[in-house]
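Each chain is listed here by its residues.
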Amino acid sequence: MTTGRAIVQAYFDRGFQLVFWPATSDWKGPREVGWIDKHYSIADYHEGDRVGIMHGVELSPGKYVVDVDIDWGPGVEIAKALLPVTQLIWGRTSKRVSHCLYTCPDVIPMYAYRDVGKDGITLIEFRADRHQSMAPPSVWEKDGRREPLAFVV
């Protein structure tokens, strides 16, 4: 069985910039002051922490991290039809495909496609600015439900 530390180390080995925060309540992001500018290392990770992959970060010349966040369940089929294949896809039991990670040649601004109906819910977001997306081995939590994030193979 792969440990959280092994997953985190694999991210670092690929050049990703990460952020960590304790698995407290349903927080989907860090609360630490200055987290966005802090450079975390494997020594900062504690088993059970939530892990965020920073986007808008240059992995190598001309390869910036972009996360496609599919919030609307049926959007997965649209994403499969329109997006290129990627090896980094993750989700949870109730929504197996939630995030697809890519690189692009430049930093692009975050953009959210929203439902044009009265509720205006977010359907799909392109995240390529200086923020993070919670990734495995984190545990997603909402309304008392806890689901580990896992890669789609």
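Description of the structure in this document. (Residues numbered from 1 in each chain as written. Predicted model: local features only at pLDDT ≥ 70, side-chain atom pairs only at ≥ 80, totals over all residues. Heavy atoms only, no water.)

1. Side note on the overall build of the chain
Then, number 1: If you tally the helices and strands in the chain, you get 2 helices and 12 strands.
Then, number 2: Counted from the first residue to the last, the chain has its helices and strands arranged as α-β-β-β-β-α-β-β-β-β-β-β-β-β.
Then, number 3: The globule rule puts the C-alpha radius of gyration for 153 residues at 15 Å, and the 15 Å found for the chain is close to it.
Then, number 4: In terms of overall dimensions, the chain has a C-alpha envelope of 45 × 40 × 35 Å along the principal axes. (Helix = DSSP H or I, 4+ residues; strand = E, 2+ residues; numbered from the N terminus. Rg over C-alpha atoms; globule rule 2.2 N^0.38 Å.)

2. A look at the pairing of strand S4 (residues 63–70)
Then, number 1: Extensive coverage of S4 is indicated by the burial of 7 of its 8 residues.
Then, number 2: Summarising the sheet, strand S3 (residues 58–60) and S4 pair through 2 bridges and their orientation is antiparallel. Looking at S4, one finds that Ser60 is bridged to Lys63.
Then, number 3: Linking S3 to S4, which pair antiparallel, is a turn of 2 residues; within it Gly62 sits at a positive phi near 75°. (Buried < 20%, exposed > 50% of the residue type's maximum accessible area, 1.4 Å probe, protein only. Pairing = 2+ DSSP bridges.)

3. Things to note about the packing of aromatic side chains
For any pair of aromatic rings, the description rests on two quantities: the centre-to-centre distance and the angle between the ring planes.
Then, number 1: The final tally for this structure, using the stated rule, is 7 aromatic pairs.
Then, number 2: Measuring from centroid to centroid gives 6.0 Å for Tyr11 and Phe16, while their planes differ by 90°, and the two rings are edge-to-face.
Then, number 3: Using a relative accessible area of 3% as the deciding quantity, one classes Tyr11 as buried.
Then, number 4: Aromatic pair Phe12 and Phe20: ring centres 6.3 Å apart, planes at 75°, arrangement edge-to-face. Residue Phe12 shares its accessibility class with Phe20, and that shared class is buried.
Then, number 5: Taken together through their ring pairs, the aromatic side chains of Phe12, Phe20, Tyr40 and Tyr45 make up a single cluster. (Phe/Tyr/Trp six-rings, centres within 6.5 Å; stacked < 30°, edge-to-face > 60°.)

4. A word on the environment of Pro105
Then, number 1: Position of Pro105 relative to the elements: it lies in the loop between strand S6 (95–104) and strand S7 (111–114).
Then, number 2: A relative accessible area of 67% means that Pro105 is categorised as exposed.
Then, number 3: Taking C-alpha positions, Pro105 is 25 Å from Val8, a pair spaced 97 residues apart along the chain.
Then, number 4: Beyond its immediate chain neighbours, meaning those up to four positions away, Pro105 contacts Gly62 and Tyr64. (Contact = heavy atoms within 4.5 Å.)

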